[in-house]
Amino acid sequence: MSKIQNDGSEALLSSGVKLNEPIDTLCLCTYDESCKFAVSKFKRRPMGAEDVVIQMKYCGICHSDVHSAASQLMKRAKYPITPGHELAGIAIAVGNKVTRVKVGDQIGVGCLVDSCLDCEKCAEGNEHKCKKGSTGTYGGLDKHGRAQTYPKNTPIMGGYTSVHVIHERFAVIIPPSYDLKFAGPVMCAGITMYDPLKVQGVTKGTNVGIVGLGGLGEMGLKLANVMGANVFAISRSPGKKDYAMRCGAHEFIVSTNKDDMKKHEGKLDLILNTVPFYHDYTFYKQLLTRNGKQCILGLHAGIGAGMFINKVSCCKSRLMASGIGGMKNTQEVIDICAKHEIYPDIKVIPVWEVNRVYEMLDSGNKTGLRYVLDLEGTLNEEAVEKVKNEKAPKMLPARTHLNLMGVIKELCWVLCCCKHV
Ligand code: NAP
Ligand code: ZN
């Protein structure tokens, strides 16, 4: 059975975690697509020999959490759902076969908690492209054996939680100098932007456009800047100009302003489009050079079409899509953020504000900030009533069209009009 390396760990004692027993955890979850959150008690699996137990400190709220909790994606979610794939906390216990993580390390968890670890994609650190399918941090079922739940075969609970258990392969080590409250958003927003920038070979002088200045977009501006690119922020919100320039943009394009669009026609080598709702993304093509590419990142029918086109064109087409990144690049991006002191623009909030944040993200994230739950400070017994007394968020009808019919329609449209590809 598993042992801990340091069974005198104060954090472990104060967490109430008992080794070899299922672990009590508080979770912020929703029981249906209304996204009215509640604080409920659940258990996580006992720590295994290759597992790390994390005392959670913070978790970022990604727009994907909103899409998932509100069942705006391919399938209806399995409820109750505890979203969260931007986790940051401290290792309070490690199994006796763990080699990379020590008690006391700052640990992050992103969008993945397991994959087959056998195929060539896993071997190269691209676990997100696992040939047998990777396991997401919440909502799915354990498939390869390293993401077991307690009881078994219940949906995996994500990061809006007090204690988490993870196989060490999926634990990201956050450099000690990096303040944990900023680390969560790097685990999803950071890697989601870094991976395509790296894969597309962005370097000094590449002209990169980032569409949509929210949680992903602002990390895109900062990372593209540090990679040496000429960075163009593309937003429908003129009021975000100062914010964009502070985040590392060199130019600011208001997408609703025809003159602005015209001025930058044909300039960009790469566009990363983070808009979270279905829209005419071909509109941005006018900004691209002849060989320039647009990569869809927002979860709407366009990403489904883009993924299909990636496959048939071996990622050579001008319209493409990208999803998260593997463990190697996730570790790399947090190390880059620590080295260059890149910090996401965040607002730390108590857990009882979660409903309001969902409402605000669902209506278009006008502030552009990443909202981060203060789990250590506010996810406790007292929060149960406070969260319960909050009004349900006012959610708009789903606008992703990310369902089978939506994707088929989108593909037909894109492929019939080859000019879009
Ligand atoms: P977010 O914080 O809500 O920001 C989205 C931004 O998009 C907004 O700030 C806004 O920026 C722009 N926007 C919003 N509504 C719009 C509309 N109707 N038309 C045009 N622009 C609009 O979202 P996020 O967390 O950055 O996530 C963005 C998308 O990426 C979501 O769909 C999320 O699920 C997805 N995502 C994908 C991956 C992946 O692996 N592919 C990973 C994580 C997240 P402006 O005001 O500047 O226009
Ligand atoms: Zn995310």
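Residues numbered from 1 in each chain as written. Chains lettered and ligands numbered in written order. Predicted model: local features only at pLDDT ≥ 70, side-chain atom pairs only at ≥ 80, totals over all residues. Heavy atoms only, no water.

Caption draft 1: Region of interest: the overall build of the chain. Within the chain, the regular secondary structure consists of 13 helices and 17 strands. Over its C-alpha atoms the chain spans a radius of gyration of 21 Å, differing by no more than 12% from the 22 Å that the globule rule assigns to 421 residues. Seen along its three principal axes, the alpha-carbon backbone of the chain occupies a region of about 65 × 45 × 40 Å. Looking at the chain as a whole, 58% of its 421 residues qualify as buried. (Helix = DSSP H or I, 4+ residues; strand = E, 2+ residues; numbered from the N terminus. Rg over C-alpha atoms; globule rule 2.2 N^0.38 Å. Buried < 20%, exposed > 50% of the residue type's maximum accessible area, 1.4 Å probe, protein only.)

Caption draft 2: Geometry of the coordination of the zinc ion (ligand 2). Distances from the zinc ion (ligand 2) to its protein donors, namely C62 (SG), H85 (NE2) and C188 (SG), fall within the range 2.0 to 2.2 Å. Residue classification places C62 among the buried residues on the basis of a relative accessible area of 2%. (Donors = N, O, S within 2.8 Å, 3.2 Å for Na, K, Ca; no water.)

Caption draft 3: Seen up close, the site of ligand 1. Within the structure, ligand 1 sits among 30 residues, and H63, S235, S237, I324 and R370 are positioned closest to it. H63 places a side-chain nitrogen or oxygen 2.7 Å from an oxygen atom of ligand 1. In the model, an oxygen atom of ligand 1 is placed 2.7 Å from a nitrogen or oxygen of the I324 main chain. When ligand 1 is considered free in solution it has 920 Å² of accessible area, and contact with the protein chains removes 93% of it. The set of elements that each furnish at least two residues to the shell around ligand 1 consists of α2 (63–69), α4 (180–199) and α5 (215–226). In terms of residues, the shell around ligand 1 owes the most to one element, α2, which gives three residues. Classifying every residue of the shell around ligand 1 by side-chain character gives 12 nonpolar, 15 polar and three charged. (Near = heavy atom within 4 Å. Polar contact = N/O pair within 3.5 Å; in protein donor to acceptor, adjacent residues only side chain to side chain. Areas by Shrake-Rupley, 256 points an atom, 1.4 Å probe, with all protein chains shown as cover. Nonpolar A, V, L, I, M, F, W, Y, C, P; charged D, E, K, R; others polar.)

Caption draft 4: Just the sheet that holds strand β10 (residues 207–211), in detail. In space, the six strands of this open sheet follow the order β12-β11-β10-β13-β14-β15, with parallel pairing throughout. At either end of the open sheet lies a strand with only one pairing partner, and these are β12 (251–254) and β15 (319–321). Taking the axes of each pair of neighbouring strands and ignoring which way they run, one obtains an average angle of 25° across the sheet. (Pairing = 2+ DSSP bridges. Axes fitted to C-alpha atoms, helices over the stretch in contact; angles between N-to-C directions.)

Caption draft 5: Examining the environment of A11 more closely. Looking at the secondary structure, you find A11 in helix α1 (residues 10–15). A relative accessible area of 30% places A11 in the partly exposed class. Remark: the alpha-carbon pair of A11 and G266, spanning 255 residues in sequence, is separated by 55 Å. Dropping the residues within four chain positions of it, A11 is found in contact with Q55 and I92. (Contact = heavy atoms within 4.5 Å.)

Caption draft 6: The arrangement of the side chain of N310 in detail. Checked against the element boundaries, N310 lands in helix α8 (residues 301–313). The residues contacting N310, other than those within four sequence positions of it, are C315, M320 and A321.

Caption draft 7: A look at the pattern of salt bridges. Throughout the structure, instances matching the rule amount to 21 salt bridges. In this structure, the salt-bridge partner of E33 is R76, at a minimum N-O distance of 2.9 Å. Taken as a pair, E33 in the loop between β1 (23–30) and β2 (37–44) and R76 in the loop between α2 and β4 (87–94) lie far apart in primary sequence, 43 residues in all. Under the relative-accessibility criterion, E33 is labelled partly exposed at 33%. A salt bridge links K41 to E381, with the nearest nitrogen and oxygen atoms 3.5 Å apart. Of this pair, K41 sits in strand β2 while E381 sits in helix α12 (residues 381–388), placing them 340 residues apart in sequence. As far as the burial class goes, K41 and E381 line up, both exposed. Counted as one network, the salt bridges with shared partners bring together E218, K222, R246 and D345. (Salt bridge = Lys/Arg side-chain N within 4 Å of Asp/Glu carboxyl O.)

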